[in-house]
Amino acid sequence: MACFSRCFAFFLPCFTPCSAVVAAAVSSQRQQVRRVTPHIQAAMSNVLLATAGYDHVIRLWEPRSGVCARTLQFEGSQVNRLLIAPDKQFLLAAGNPQVKIYDVLAGTPAPISKYGGHTSNITAIGMIKGNNNKYFFSASDDKTIKIWDKTSKVFQREFKCRSPVADAVMHPNGGEIISCHRDGKIRVWDIGKGTVSKEWAPDGKVRTADTTLFAQIQFIMLVSLYFMSKCTGVRV
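Not measured: the values here are computed from a predicted model. (Residues numbered from 1 in each chain as written. Predicted model: local features only at pLDDT ≥ 70, side-chain atom pairs only at ≥ 80, totals over all residues. Heavy atoms only, no water.)

K.L.:
Looking at this structure, how should I read the sheet that holds strand E7 (residues 81-84)?
P.N.:
Strands pair in a sheet through their backbones, by hydrogen bonds, and they do so in one of two ways: parallel or antiparallel. Reading across the sheet, the four strands line up as E7-E8-E9-E10 and stay open at both edges, with antiparallel pairing between neighbours. Two strands close off the open sheet at either side, each with one partner strand: E7 and strand E10 (113-116). Here the average twist between neighbouring strands, direction ignored, is 15°. Across five bridges, the pairing between strand E8 (residues 90-94) and strand E9 (residues 98-103) is antiparallel. (Pairing = 2+ DSSP bridges. Helix = DSSP H or I, 4+ residues; strand = E, 2+ residues; numbered from the N terminus. Axes fitted to C-alpha atoms, helices over the stretch in contact; angles between N-to-C directions.)

K.L.:
How should the side chain of serine 163 be read in this particular structure?
P.N.:
Inspection of the secondary structure puts serine 163 in the loop between strand E14 (157-160) and strand E15 (165-170). For serine 163, a relative accessible area of 5% corresponds to the buried category. A polar atom in the side chain of serine 163 sits 3.4 Å from the backbone nitrogen of arginine 182. In terms of polar contacts, serine 163 uses its side chain to reach the backbone amide nitrogen of aspartate 183, at 3.1 Å. Excluding its chain neighbours within four sequence positions, the residues that come into contact with serine 163 are Lys143, His181, Arg182 and Asp183. (Buried < 20%, exposed > 50% of the residue type's maximum accessible area, 1.4 Å probe, protein only. Polar contact = N/O pair within 3.5 Å; in protein donor to acceptor, adjacent residues only side chain to side chain. Contact = heavy atoms within 4.5 Å.)

K.L.:
I'm lost on the sheet that holds strand E17 (residues 186-190) in this one. Help?
P.N.:
Taken in spatial order, the four strands line up as E15-E16-E17-E18 in an open sheet, and their pairing is antiparallel. Of all the strands in the sheet, just E15 and strand E18 (195-200) have a single pairing partner and so form its edges. On average, adjacent strands in this sheet sit at an angle of 20° to one another, irrespective of strand direction. The pairing of E15 with strand E16 (residues 176-181) spans five bridges and is antiparallel. Within the sheet, the bridge partner assigned to alanine 168 lies in E16 and is serine 179.

K.L.:
Looking at this model, I keep getting lost on the pattern of salt bridges. Mind explaining?
P.N.:
A side chain of one charge can pair with a side chain of the opposite charge if their charged atoms are brought near each other. Taken as a whole and judged by the stated rule, the model has nine salt bridges. Among the ionic pairs, lysine 134 bridges to aspartate 149, the shortest N-O distance being 3.4 Å. In this pair, lysine 134 is assigned in the loop between strand E11 (122-127) and strand E12 (135-140) and aspartate 149 in strand E13 (residues 144-149), connecting sequence segments 15 residues apart. The class for aspartate 149 is buried, based on a relative accessible area of 7%. Lysine 146 is the salt-bridge partner of glutamate 158, the closest N and O atoms lying 2.1 Å from each other. Here glutamate 158 is found in strand E14, whereas its partner lysine 146 is found in strand E13, with 12 residues between them in sequence. You can call glutamate 158 partly exposed: its relative accessible area is 30%. Connected through salt bridges with shared partners, the residues Arg162, Asp183, Lys185, Arg187 and Glu199 form a single ionic network. (Salt bridge = Lys/Arg side-chain N within 4 Å of Asp/Glu carboxyl O.)

K.L.:
Any chance you could explain the packing of aromatic side chains here in plain terms?
P.N.:
Aromatic ring pairs are defined here through the distance separating the ring centres and the angle between the ring planes. Within this structure, the stated rule accounts for five aromatic pairs. For the ring pair tyrosine 115 and phenylalanine 136, a centre distance of 5.2 Å and an interplane angle of 80° mean the geometry is edge-to-face. With tyrosine 115 in strand E10 and phenylalanine 136 in strand E12, this residue pair connects regions lying 21 residues apart in the sequence. Accessibility assignment for this pair places tyrosine 115 and phenylalanine 136 in one class, buried. Here the aromatic rings of phenylalanine 136 and tryptophan 148 are separated by 6.2 Å at their centres, their planes lie at 10°, and the arrangement is stacked. Of this pair, phenylalanine 136 sits in strand E12 while tryptophan 148 sits in strand E13, and the two are 12 residues apart along the sequence. We classify tryptophan 148 as buried; its relative accessible area is 0%. Three or more aromatic residues link up through ring pairs in this structure, and these residues are Tyr115, Phe136, Trp148 and Phe155. Across from the ring centre of phenylalanine 74, 4.3 Å away, lies the NZ or CZ of lysine 100, which sits over that ring. (Phe/Tyr/Trp six-rings, centres within 6.5 Å; stacked < 30°, edge-to-face > 60°. Lys NZ or Arg CZ within 6 Å of the ring centre and 35° of its normal.)

The following block contains the structure:
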């Protein structure tokens, strides 16, 4: 089950004044597009909040006023993860079993690209540093991590894991992906070589629910599934 708390993201800053994302809003009850009235448009700040869940809808919010500025359609499954591209123009959404990319400046709620290759829930997505943000990765319960070129619908590389992936993040060095698995182990993948450079199990065989990488101090915080009551920090 996807954790709702991970299905949100901030756009900082907002795109451009009077762009499509701030010029229209959608009624979540009737799913009909309507124009934003001048006083609501004036209240829009330079921050938008993106949320998603099990209703197949991604919502872009203006946090201060609580106005839903726009919705995007995610057909076929729930949304597990959201990711804002560094250029702030594109939104990546992951479900079961596809990743979809949306142009938040465009006027359509449909995705501009779809990436299929996983066979189960996608549990993590992330941008790979460099190359003008051309590449991203996805991790899944199907025991794989895949590297994608945004211009291609076929994954470029695949890392086969021995256990379903609970979460994955980029290492601050930009050359490695750190993954957390249901078997309780953390693995560090060398993107260039496609091999595991490090592997350890901080809590033995306790199943892990999530990982968070603190980019500045280079620690991983590991949270167990047992009532979310135990955390372990390890240096990478």
